[in-house]
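Topology and contacts: notes
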Amino acid sequence: MAQVDMLESGRSAADRQDTGSGGRRAGVGRAIRAGSRPEPWKRGPVFAALALLLGLSMLLHAQIPNGIGNLGSLVETCLPWFGLFVPVLLAGAIWRRSASATVALLLPVVVWLNHFGGLLGDKAQAGDEITVASHNVGADNPDPAGTARALIASEADVLALEELSQQAKGTYEKELAEAYQYHAVAGTVGLWSRLPLSEIRPVDIKTDAGPLGAAKSADVKMPYNRALRATVATEHGPLAVYVAHLGSVRVNPRTGFWTVHRDRGAQALAEALAAERNGRVVLLGDLNGTTDDRAFDGINSRMRSAQAVAGDGFGFTWPAKFPVVRIDQIMVRGVEPKSAWVLPATGSDHRPVAAGISW
C-alpha cells in the first residue's frame, strides 16, 4: 500500500512539472502571438513618427538649412538636449502599447549615443605639464577682485580673460600681478602667464565690417579689440596662444537665431589659425557657440576640443547659475590634452574653464 502511495505521489509531481512547463510554453507562445499581431504595430503612429523625426534631426543636423533664422545652427547648439525627448516618447509608446514607436526610438538613442556617448565618462589622464584656463569675467561683474583671487586658486600657468571692462582692468592687473609675472591686454581681452610672453599682437576677427570698418585705424579699434595672439615660452619650445571673444548671439521671433557677428568672427579666427606657423597652438576664449555648430567648422578642422578629448561630461559653462551650454572653449593643436574641467562660478555670468596639456 505504501508503494502504491509513493507511485501516485511521483505521478502527481511529474504531472505538476509537465503542467508548469506547458504553462510556460503556452505563455511564451501567447507573447509571440501577441507581438506578431498587427495591433501593437499599428498603435501610436504619431509617437513612431516623432521618434523617427527626432533621430533623423540628430543624424542629419548638418543638412538642416540655415536660410530661415539660422535654424541649423540653433539645432546644433541644442543638440545634446535632444536626448531628453527620448524618455518622453518612450512613455508615450508604453502608454499606447505601440511596438512601432518603441522600435523607432532605437534610431535617436543610437544616434545620440554615437554623438555624445563618449562625453559621459571621465577621460582625464595623468601627466599634464601646463595648466591653461579661460574666463569671460563679465563686464558687469560686481566683484572683479574676488574673481581674480578665485582664478589664482586654480593654479593655472596661463590664464586668458575676456570681456575686460576699462573700469575693472586695473583691478585684475593689480590682483593678478603677484601670481603672474607676465601679462598682456589688447582691448577687452588679456593674457596672464607665469611663463615669458613674446610676439604679442591683436588679431582682427572682423568686429568691424564693410567700408566703414576698414577705414578705421588700429588705434581707433584697439579699445574694443576682442582677440590677441602671444607666444608662451615653455621648456618644450614656443607655444602659440590665442585669446578670443567672438560676437554675441541672440534669439528673437523676428530674426530667429541671430549670429552674424559671431559667424564672421569665427571665420576670421579660423583664417588666423590656418595662417599660424607654430605647430603648437592653444585657443582660449568665449566663442559664443558650441563646437557642434557648423559656424565653427573652420576652427574644428584645425583644432581639437580639450573637453571632448580629456574632460568629464559636457562641461557646460553658461549661464553660470544653471549652465545649459558650453560656449567657453579650450582648443588645441600640436599638444595633448590630458584633462579638462569647469571651475567654480565667480561673479560672472560665465563659468571659467581649465585644461591640462602636455607634449
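Thresholds, definitions, all that
- Residues numbered from 1 in each chain as written.
- Predicted model: local features only at pLDDT ≥ 70, side-chain atom pairs only at ≥ 80, totals over all residues.
- Heavy atoms only, no water.
- Buried < 20%, exposed > 50% of the residue type's maximum accessible area, 1.4 Å probe, protein only.
- Helix = DSSP H or I, 4+ residues; strand = E, 2+ residues; numbered from the N terminus.
- Pairing = 2+ DSSP bridges.
- Contact = heavy atoms within 4.5 Å.
- Axes fitted to C-alpha atoms, helices over the stretch in contact; angles between N-to-C directions.
- Parallel < 35°, antiparallel > 145°, perpendicular 65-115°, else oblique.
- Left-handed = near helix turned anticlockwise from the far one by under 90°.
- Nonpolar A, V, L, I, M, F, W, Y, C, P; charged D, E, K, R; others polar.
- Phe/Tyr/Trp six-rings, centres within 6.5 Å; stacked < 30°, edge-to-face > 60°.
- Lys NZ or Arg CZ within 6 Å of the ring centre and 35° of its normal.

1. Focus on the pairing of strand S12 (residues 328-333)
By the criterion of burial, S12 is predominantly enclosed, with 6 of the 6 residues buried. As paired strands, strand S10 (residues 281-286) and S12 are joined by 6 bridges and run antiparallel to one another. By the bridge assignment for S12, Leu284 is matched with Ile330. Note that strand S11 (residues 304-305) and S12 share 2 bridges and pair antiparallel. Within S12, the residue paired with Arg304 across the bridge is Val332.

2. Focus: the sheet that holds S10
The sheet built from 6 strands is open, its strands ordered S5-S6-S7-S10-S12-S11 with mixed pairing. The sheet is open, and its two edges are formed by strand S5 (197-202) and S11, each paired on a single side. The strands touched by helix H12 (residues 260-275) within the sheet are strand S7 (237-245), S10 and S12, with S7 carrying the most contacts at an inclination of about 175 degrees.

3. With respect to the packing of helix H3 (residues 45-59) against helix H7 (residues 106-116)
At a closest axis distance of 7 Å, the pairing of H3 and H7 adopts a crossing angle of 25 degrees. Here H3 lies roughly parallel to H7, going by the angle between them. The two elements H3 and H7 cross, and the hand of that crossing is left-handed. In contact with Ala51, Leu52, Leu54, Gly55, Leu56, Met58 and Leu59 of H3, H7 contributes Leu107, Pro108, Val111 and Trp112. Of the residues belonging to the contact of H3 with H7, the class tally is 10 nonpolar, 1 polar and no charged.

4. Description of the packing of aromatic side chains
Counted according to the given criterion, the structure contains 7 aromatic pairs. Ring plane angle 25 degrees and centroid distance 5.6 Å describe the contact between Trp81 and Phe316, whose orientation is recorded as stacked. Pair noted here: Trp81 is in the loop between helix H4 (71-77) and helix H5 (85-96) and Phe316 is in the loop between helix H14 (306-310) and S12, with a separation of 235 residues, a long-range link. Where Phe82 meets Phe85, the ring centres are 6.2 Å apart and the plane angle is 90 degrees; that geometry is what we call edge-to-face. For Phe82, a relative accessible area of 16% puts it in the buried group. Judged by its relative accessible area of 47%, Phe85 falls in the partly exposed class. Taken together, the ring pairs in this structure connect Trp81, Trp112, Phe116, Phe314 and Phe316 into an aromatic cluster. The ring of Trp95 is capped by Arg96, whose NZ or CZ atom sits 6.0 Å from the centre of that ring. Looking at Arg194, its charged tip hangs above the ring of Tyr180, at a distance of 4.7 Å from the centre.

5. Regarding the pairing of strand S14 (residues 353-358)
Along S14, 6 of the 6 residues are buried, which leaves the element largely enclosed by surrounding structure. What you see with S14 is no split at all: Val353, Ala355 and Ile357 on one side and Ala354, Gly356 and Ser358 on the other are buried throughout. As judged from the 5 bridges shared by strand S1 (residues 130-136) and S14, these two strands associate in the antiparallel manner. Among the inter-strand pairings, Ile130 is bridged to a residue of S14, identified as Ile357. Taken together, the 6 bridges between strand S13 (residues 336-342) and S14 define a ladder with antiparallel strand orientation. What sits directly across from Glu336, in S14, is Ser358.

6. Things to note about unusual backbone geometry
With an omega of -10 degrees, the peptide bond between Trp318 and Pro319 qualifies as cis. Looking at the element boundaries, Pro319 is found in the loop between H14 and S12.

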